[in-house]
Amino acid sequence: MEAIKYILAGYSWAVIGVLLVFLWRVAYFYERTSGQRVGYRFLLLPSLLLAAGAVWYLVCGAEFIGQPGGDLLLFSGGILLCLFGFRLQELMTGERQ
């Protein structure tokens, strides 16, 4: 049963990693084609924070709740990822009022 838990957690985080790569490529493509500065390199920080939070929980062997250090890493990575996504959306849609 523990093996299934780790396999599913690894699969979930692999899917999240693929989605982060797609977001990074969209931001990179948009910066190259539009000439606007997007700051696609900033996406590295939320990616590292999310990866660190996932590793924290996998190393501790705990469920994905109740570890303040892991929760803080996941929360801060998620907030930074949301901010990056909103900024990219505003740039790509022309910052409508």
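Please read these numbers as outputs of a predicted model, since none were measured by experiment.

Rules and cut-offs
- Residues numbered from 1 in each chain as written.
- Predicted model: local features only at pLDDT ≥ 70, side-chain atom pairs only at ≥ 80, totals over all residues.
- Heavy atoms only, no water.
- Patch = residues over 30% accessible without salt bridge, like charges linked within 9 Å, V, L, I, M, F, W, Y side chains within 5 Å.
- Areas by Shrake-Rupley, 256 points an atom, 1.4 Å probe, with all protein chains shown as cover.
- Salt bridge = Lys/Arg side-chain N within 4 Å of Asp/Glu carboxyl O.
- Lys, Arg positive; Asp, Glu negative; His and termini not counted.
- Charge placed at Lys NZ, Arg CZ, Asp CG, Glu CD.
- Buried < 20%, exposed > 50% of the residue type's maximum accessible area, 1.4 Å probe, protein only.
- Phe/Tyr/Trp six-rings, centres within 6.5 Å; stacked < 30°, edge-to-face > 60°.
- Helix = DSSP H or I, 4+ residues; strand = E, 2+ residues; numbered from the N terminus.
- Core = buried A, V, L, I, M, F, W, Y, C linked by side-chain atoms within 4.5 Å.
- Contact = heavy atoms within 4.5 Å.

Together, Arg32, Arg37, Arg41 and Arg87 make up a positively charged patch on the protein surface. Arg32 sits in the exposed class, given a relative accessible area of 60%.

What follows covers the packing of aromatic side chains. All told, the structure shown has four aromatic pairs when counted by the stated rule. Seen in terms of ring centroids, Trp24 and Tyr28 are 6.0 Å apart; in terms of plane orientation they differ by 25°. Their pairing is stacked. Of this pair, Trp24 and Tyr28 both sit in helix H1 (residues 2–34), separated by four residues, roughly a single helical turn. Consider the rings of Phe42 and Phe84, whose centres lie 6.4 Å apart with planes at 35°: the pair is tilted. Remark: Phe84 occurs in helix H3 (residues 68–92) and Phe42 occurs in the loop between H1 and helix H2 (44–60); sequence separation between them is 42 residues. The class of Phe42 is partly exposed, set by a relative accessible area of 39%. Since its relative accessible area comes to 3%, Phe84 is described here as buried. An aromatic cluster of at least three residues, connected via ring pairs, comprises Trp24, Tyr28 and Tyr40.

Here we come to the nonpolar core. Among the nonpolar cores identified, the biggest contains eight residues, and these are Ala27, Tyr30, Val38, Tyr40, Leu43, Phe84, Leu88 and Leu91. Listed by contribution, the elements that provide at least two residues to this core are H1 and H3. Broken down by element, the residue count for this core peaks at three residues, all from H3. In this view, Tyr30 contacts Gly35, Gln36, Val38, Leu91 and Met92; residues no more than four positions away in its chain are not counted.

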